[in-house]
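Residue strings, one per chain:
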Amino acid sequence: MKKIISKIVVGTLVVGSIGFVQAQKIDAKAKKILDDITANYNSKKNSYFKFSFGSGMNGTVSKTEPGIYYSAGDKYKLKIMETEQIFDGNKIYNINTEDMEVTVAKPNANSTMFSPINYLTSYRKDYNVAYSGKKTVDGVNADLIKLTPVKANGLKYIYLYVDSAKKQMLKLEQHGNNKDISVIAIKEYKENQQLDPNMFVFDKAKFKNYLVTEL
């Protein structure tokens, strides 16, 4: 579980070797749904998600952990298991309370920062997009959208489950080429809250006894 958390939360999704370039295919209906959801999130001052993160093999989730996620503009804060991640708009701070370590790095062009909604932007250039019908998720008649990587990146495909009526993401499933599965299911959503002004600030004074490594 910790390995998968590291891959998705702390680490970044690095694009692998590319055998050939394919023409990207984006279904018009799926694009309209994703664009509407993106516009809805971007119109908010800030957003909050409570979610469960599940992982497993061969399409079966064997373990789940709770998590919370705050975002405002391009800044965000994530907490899951012993890991906290802060992006202040410039640098990513990965804080591991179990190991008492902090890793600081700048995002780069070959990385995908964690977010329950990160595929709402990355699909525009990195994935073939297909509308796959309806499926019930926690009593909601959700639209199912399938993303398939245009270039090799370690993933076989991603499923996005969205509430088109509310223009919100409900769940995403990430299926790897090695048959692993990671699922983020959003349990609670709030928007335009009064957040602490220092919500997305890394305070060094709180981590005096931590090993801090800047990459």
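Let me sum up the structure you'll find in this document. The model shown is predicted, which means the values in this text are computed figures rather than measured ones.

Calculation criteria
- Every chain is numbered independently, its residues counted from 1 as its sequence is written.
- Only residues with pLDDT of at least 70 get local features here, since the model is predicted, and only at 80 or more are side-chain atom pairs given and counted; chain-wide, interface and lining totals rely on the full set of residues.
- The basis for every side-chain value is the complete set of heavy atoms in the structure, and neither hydrogens nor water enter the calculation.
- Whenever a carboxyl oxygen of Asp or Glu lies within 4 Å of a side-chain nitrogen of Lys or Arg, that contact is scored as a salt bridge.
- Every angle, taken between N-to-C directions, lies between 0 and 180 degrees, and every axis is a line fitted to C-alpha atoms, over only the stretch in contact when it is a helix.
- Helix and strand labels come from DSSP, where a helix needs a run of H or I of at least four residues and a strand needs a run of E of at least two; each type is numbered from the N terminus.
- Throughout, the term roughly parallel applies to angles under 35 degrees, roughly antiparallel to angles over 145, roughly perpendicular to angles from 65 to 115, and oblique to all others.
- Each helix crossing is assigned a hand: it is left-handed if the near helix lies turned anticlockwise from the far helix by less than a right angle, otherwise right-handed if that turn is clockwise.
- Any two residues whose heavy atoms approach within 4.5 Å are treated as being in contact.
- Classification used: nonpolar for Ala, Val, Leu, Ile, Met, Phe, Trp, Tyr, Cys and Pro, charged for Asp, Glu, Lys and Arg, polar for all others including Gly.
- Relative accessibility decides the category of a residue: with a 1.4 Å probe and only protein chains considered, values under 20% of the type maximum give buried, values over 50% give exposed, and everything between is partly exposed.
- This arc is built from the directions going out from the helix axis to the C-beta atoms.
- One bridge is not enough; two strands pair if DSSP finds at least two bridges between them.

Quick look at the pattern of salt bridges
So, point 1. Throughout the structure, instances matching the rule amount to 10 salt bridges.
So, point 2. One network of salt bridges, with partners in common, ties together K50, E188 and K190.

Examining the packing of helix 2 (residues 28–42) against helix 3 (residues 119–126)
Angle between the axes and distance between the axes are the two parameters that describe a pair of packed helices.
So, point 1. Where helix 2 contacts helix 3, the axes come no closer than 9 Å and their chain directions differ by 140°. Our classification of the angle between helix 2 and helix 3 gives oblique. Like other packed secondary-structure pairs, helix 2 and helix 3 cross with a definite hand, here left-handed. Listed contacts from helix 3 to K31, L34, D35, I37, T38 and Y41 of helix 2 are L120, Y123 and R124.
So, point 2. Its residues placed into classes, the contact of helix 2 with helix 3 shows five nonpolar, one polar and three charged.

What about helix 3?
So, point 1. When we look at burial in helix 3, the residues that qualify are Y119, L120, S122 and Y123. Along helix 3, the residues classed as buried sweep out an arc of 160° about the axis, all on the same side. For helix 3, exposure combined with an orientation more than 90 degrees from the buried face picks out T121 and K125.

Notes on the sheet that holds strand 5 (residues 92–96)
So, point 1. As summarised here, the arrangement of the 12 strands in space is 7-8-9-10-11-1-2-3-4-5-6-12, forming an open sheet in which the pairing is mixed. Among the strands making up the open sheet, the edge pair consists of strand 7 (127–137) and strand 12 (211–214). This sheet shows a mean twist of 20° between the axes of neighbouring strands, independent of strand direction.
So, point 2. In terms of strand pairing, strand 1 (residues 47–57) meets strand 11 (residues 180–191) through 11 bridges, oriented antiparallel. Among the inter-strand pairings, Y48 is bridged to a residue of strand 11, identified as K190.
So, point 3. Against the sheet, helix 2 makes contact with strand 1, strand 7, strand 8 (140–149), strand 9 (155–163), strand 10 (168–176) and strand 11, and its axis sits at roughly 80° relative to strand 7, the strand it touches most.
So, point 4. The strands touched by helix 3 within the sheet are strand 7, strand 8, strand 9 and strand 10, with strand 7 carrying the most contacts at an inclination of about 140°.

So far we have only geometry, and geometry alone does not tell us how the molecule works.
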